[in-house]
Amino acid sequence: MLLLRVTELRDAWLDSFMKYCRFQFNGEAQYGLVESVAGRDSILRILLSAPEESDGDVEGLRTRRIEPIALEEAVLLPPVRPSKIICVGRNYRDHAAELGNEVPKEPLLFFKPSSSLLAPGGVVRRPKISERVDFEGELCVVMGKTCYQPASDEDVRPYILGYTCLNDVTARDLQKKDGQWVRAKGCDTFCPVGPVVVEAADIDPWAGVGVETRVNGEVRQSGNTRDFIFTLDVMIRYIAQALTLFPGDLIATGTPAGVGPVVAGDLMEVTVEGVGTLRNSVVDE
Ligand code: ZN
């Protein structure tokens, strides 16, 4: 038993990073490295510091071995702790059209507050102030390095730590009614994120990554990032002209066509190809 414990506590450098989560472990929030064991995603090591605080040096993070935990059995938390969550609206032509909006000439930006973050498996609450709450499945960028006004010929990809799934839950009636979207986009539980962050090199949103949303198992949105109106580098440059992006900050990249309302009891699933599936149920406040 003692021997096992010594093995468990041996620290190691993280040689390579593929995907990680954040989860409750012995009463504390920890970052867990997610690895495949017999075809099953499992947490075998915890990271001793936050990947988004490594300023791009993820390989230098220290890890500690633990008894394996199946990812699906872990109590997951949002995998990042962003200083801000920036969303790009109407970034797919067919989605802009379905709500009767023009295709924007420049990226349309808005914020979601960090208080709206919700863990994978967490319950989205339909607030009393709204009669229509919609799902919006999106690919989400996790920043890895501080980025402010990069040079026009500079490659912005090294600033990206990785990608995750995000559900940009929206009170559609309040979005129409309010001049600003603070309530429509910012209610508590309106920003489910996760379940994992995959390494930036693992998927290529420029080449095309599938984004699918299902409600109660039925496919409602099926898009691909190759149809972005503004590509990721354009989005990052545009945002970083105005404000500093810090490691851990999130950029929700817009939702494809097919948005629609949910009611209490519904199960929303956002799948980003190569990342995983973010599942959240719905209740009435
Ligand atoms: Zn959105």
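These numbers were taken from a predicted model, which means no experiment stands behind them. (Residues numbered from 1 in each chain as written. Predicted model: local features only at pLDDT ≥ 70, side-chain atom pairs only at ≥ 80, totals over all residues. Heavy atoms only, no water.)

A.B. asks: How should the nonpolar core be read in this particular structure?
C.D. replies: The nonpolar side chains of a soluble globular protein tend to be buried, and buried together. In this structure, C21, F23, I43, Y163, L245, I251 and V275 are the most contacted members of the largest nonpolar core, which totals 41 residues. Of all the secondary-structure elements, those providing two or more residues to this core are β2 (19-25), β4 (40-47), β7 (85-89), β12 (137-143), β13 (160-167), β15 (191-199), α5 (232-242) and β20 (267-272). In terms of residue count, the dominant contributor to this core is α5 (5 residues). Of the domains in this structure, domain 1 (2-77) and domain 2 (85-284) are the two that each give at least three residues to this core. Those residues in contact with V275, other than ones at most four positions away along the chain, are Y163, T164, C165, V196, V198 and I203. In terms of nonpolar packing, the next biggest core, distinct from the first, is built from 36 residues, Y20, L174, V262 and V282 among them. (Core = buried A, V, L, I, M, F, W, Y, C linked by side-chain atoms within 4.5 Å. Buried < 20%, exposed > 50% of the residue type's maximum accessible area, 1.4 Å probe, protein only. Helix = DSSP H or I, 4+ residues; strand = E, 2+ residues; numbered from the N terminus. Domains from an automatic or database assignment. Contact = heavy atoms within 4.5 Å.)

A.B. asks: Explanation requested: the environment of S42 in the structure shown.
C.D. replies: On the secondary structure map, S42 appears in strand β4. Along the backbone, S42 and E199 are 157 residues apart, and their C-alpha atoms lie at a distance of 16 Å. Leave out the neighbours within four places in its chain, and S42 touches L33, V34, E35, V37, I69, A70 and L71. A distance of 3.2 Å separates the side chain of S42 from the backbone oxygen of R40, its partner in a polar contact. (Polar contact = N/O pair within 3.5 Å; in protein donor to acceptor, adjacent residues only side chain to side chain.)

A.B. asks: For this particular structure, what's the right way to read the domain arrangement of the protein chain?
C.D. replies: By a widespread convention, an interface's size corresponds to the accessible area lost as its parts come together. Its domain assignment divides the protein chain into domain 1 (2-77) and domain 2 (85-284). Counting residues at the interface gives 14 residues for domain 1 and 14 residues for domain 2. Here domain 1 packs against domain 2, burying approximately 1200 Å² in sum over the two surfaces, 61% of which is carbon and sulfur. Across the contact surface, domain 1 and domain 2 share 0 salt bridges. Across the contact surface, domain 1 and domain 2 share 2 residue pairs in polar contact (both at pLDDT 80 or more). (Buried area = accessible area lost by both parts, 1.4 Å probe. Salt bridge = Lys/Arg side-chain N within 4 Å of Asp/Glu carboxyl O.)

A.B. asks: Please explain the sheet that holds strand β11 (residues 133-135) as it appears in this structure.
C.D. replies: One open sheet holds the 3 strands; their spatial order is β14-β11-β19, and the pairing between them is antiparallel. The sheet is open, and its two borders are formed by β14 (170-171) and β19 (260-261), each paired with just one other strand. (Pairing = 2+ DSSP bridges.)

A.B. asks: Can you help me understand the coordination of the zinc ion in this one?
C.D. replies: Ideal values differ by geometry: the angle at a metal is 109.5 degrees with four tetrahedral donors, but 90 or 180 degrees with six octahedral donors. Coordination of the zinc ion by the protein comes from E136 (OE), E138 (OE) and D168 (OD), over a distance range of 2.0 to 2.1 Å. If you list the donors of the zinc ion from N- to C-terminus, the spacing comes out as E-x1-E-x29-D. Here the residue E136 occupies a position in the loop between β11 and β12, and D168 occupies one in the loop between β13 and β14, the gap between them amounting to 32 residues. Owing to a relative accessible area of 1%, D168 belongs among the buried residues under this scheme. (Donors = N, O, S within 2.8 Å, 3.2 Å for Na, K, Ca; no water.)

A.B. asks: Any chance you could explain the pattern of salt bridges here in plain terms?
C.D. replies: Any two side chains of opposite charge can pair, given that their charged atoms come close. For the structure shown, the criterion picks out 18 salt bridges. The partner of D134 in a salt bridge is R172, and the shortest N-O contact between them spans 2.9 Å. With D134 in strand β11 and R172 in helix α3 (residues 172-177), this residue pair connects regions lying 38 residues apart in the sequence. D134 sits in the buried class, given a relative accessible area of 0%. Linking R214 and E212 is a salt bridge whose minimum nitrogen-to-oxygen distance equals 2.7 Å. One continuous salt-bridge network, built from bridges that share partners, spans K112, R132, D134, E136, D168, R172 and K185.

A.B. asks: Looking at this structure, how should I read the side chain of T253?
C.D. replies: Structurally, T253 can be placed in the loop between β18 (250-252) and β19. Polar contacts involving the side chain of T253 include one to the main-chain carbonyl oxygen of L139, which spans 2.7 Å. Setting aside chain neighbours within four positions, we find T253 in contact with V88, N91, Y92, E138, L139, V141, F228, L232 and M235.

A.B. asks: Just to check I follow, could you spell out the pairing of β13 for this structure?
C.D. replies: If a strand is regular, its side chains alternate between the two faces of the sheet. By the criterion of burial, β13 is predominantly enclosed, with 8 of the 8 residues buried. As paired elements, β12 and β13 share 7 bridges and run antiparallel to each other. Each bridged residue has a counterpart across the sheet, and for L139 the counterpart in β13 is C165. Of the strand pairs in this sheet, β13 and β15 are connected by 4 bridges, and their pairing is antiparallel. Looking at the pairing, C165 lines up with G194 of β15.

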